[in-house]
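Fold and geometry: a report
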Amino acid sequence: MTLDIADLRREYTRAGLGRDDLNADPVVQFERWFQDACDAGVREPNAMSLATVDGVGSPGLRTVLLKYFDSTGFVFFTNLESSKARQISQNQQVTLLFPWLDLERQVTISGRAETVSRAETLRYFSRRPHESQIGAWISQQSSVITSRKLLRMKFEEMRRKWRDGEVPLPDFWGGYRVWPQRVEFWQGRPNRLHDRFLYRRREGNTWQIDRLAP
Ligand SMILES: Cc1cc2nc3c(=O)[nH]c(=O)nc-3n(C[C@H](O)[C@H](O)[C@H](O)COP(=O)(O)O)c2cc1C
């Protein structure tokens, strides 16, 4: 191989993160950084890695899209019969990671994932484009399929079925809200002396903030 990966490295010089920069509430701090990512033109700033663990401790990891967040948690939507959903039913503890590499930043959020109500799921589902609503119906996410052709045929069939009408919410599709217990903000710095701050939820919903070694 001509490319020596071991020599790929960059110095992180864009910004620093000090205690005075931090909001006492990690959700507000996240909102600021999310806005920075949008302003900087980060592609898909709401794409996050979702780590789950099953009942015997085997991990799973995949990208999902954050759809909204507030003090009650961070919400994504998915198939409720997928591998990730099965893992969450066995262990509700999950971690989310936002890799905002253009800003030399990452945020990790760990906490418990709870399913969102059907009413809330329906509110979000009805905002989705018609075609993605149909897409939610046709895929038995994470199951083995024989060909792409079958998917396309099913899609066309459903498209005909709901050509003029509203697409109903599948009962196997829904959302999870991650209630944060730990949130870490990481800012790259020169010479690998990065800034890291960890928020840990205390009794009474205040947050302990500590600087971590890089
Ligand atoms: C940028 C990007 C965004 C994605 N967003 C979602 C999403 O919001 N929900 C979802 O179920 N899958 C999403 N996926 C697909 C998942 O990564 C994954 O393939 C799928 O959910 C099945 O995961 P599982 O088998 O671990 O359950 C996305 C993939 C990418 C690359």
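Residues numbered from 1 in each chain as written. Predicted model: local features only at pLDDT ≥ 70, side-chain atom pairs only at ≥ 80, totals over all residues.

Right, let's get into the site of the ligand. Taken together, 16 residues lie near the ligand, and R62, T78, S82, K84 and S142 sit nearest. Elements with a contribution of two residues or more to the shell around the ligand: β2 (59-65), β4 (73-79) and α2 (83-90). Of the residues forming the shell around the ligand, the biggest block, five residues, is contributed by β2. (Near = placed C-beta within 6 Å. Helix = DSSP H or I, 4+ residues; strand = E, 2+ residues; numbered from the N terminus.)

Buried accessible area, meaning the area lost when the parts come together, often serves as the stated size of an interface. Along its sequence, the chain is carved into domain 1 (9-126 + 170-211) and domain 2 (129-168). Spacing between the C-alpha centres of domain 1 and domain 2 amounts to 29 Å. Across the boundary between the two partners, domain 1 contributes seven residues, which contact seven residues of domain 2. Here the residues of the side of domain 1 that touches domain 2 sort into three nonpolar, three polar and one charged. (Domains from an automatic or database assignment. Contact = placed C-beta atoms within 7 Å. Nonpolar A, V, L, I, M, F, W, Y, C, P; charged D, E, K, R; others polar.)

Time to look at the nonpolar core. By size, the foremost hydrophobic cluster in this structure holds 28 residues, and its most contacted members are F74, V94, L96, V107, I109, Y176 and V178. When contributions to this core are tallied by element, the ones reaching two or more residues are β1 (47-53), β4, α2, β5 (93-100), β6 (105-115), β7 (173-187) and β8 (195-201). The element that contributes the greatest number of residues to this core is β7, accounting for six residues. When near neighbours in sequence (up to four residues on either side) are disregarded, F74 contacts L66, F69, L96, I109, R177, V178 and P180. (Core = buried A, V, L, I, M, F, W, Y, C linked by C-beta atoms within 7 Å. Buried ≥ 20, exposed ≤ 12 C-beta atoms within 10 Å, placed from the backbone.)

Before going further, it helps to spend a moment on the pairing of β7. Of all 15 residues in β7, 11 are buried; the element is thus mostly enclosed. Bridge count between β4 and β7: six bridges; the pairing is antiparallel. Within β7, the residue paired with V75 across the bridge is R177. In terms of strand pairing, β6 meets β7 through 11 bridges, oriented antiparallel. Residue R105 lies in a different strand from β7, and its bridge partner there is Q187. The pairing of β7 with β8 spans six bridges and is antiparallel. In the strand pairing of β8, F185 is matched with F197. (Pairing = 2+ DSSP bridges.)

Another point: the pairing of β1. Of the two faces of β1, only one is covered, namely that formed by M48, L50 and T52; the face formed by A47, S49, A51 and V53 stays uncovered. Two strands pair when backbone bridges link them, and β1 and β2 are joined in this way by seven bridges, in the antiparallel orientation. Bridge pairing in β2 places A47 opposite L65.

Moving on: the environment of F77. With respect to the helices, strands and loops of the structure, F77 is situated in strand β4. By C-beta crowding, F77 is classed as partly exposed, having 19 other C-beta atoms within 10 Å. Put simply, F77 and Q87 are 10 residues apart on the chain and 15 Å apart in space, counted from C-alpha to C-alpha. Excluding residues within four positions of it along the chain, F77 makes contact with K67, Y124, G174 and G175.

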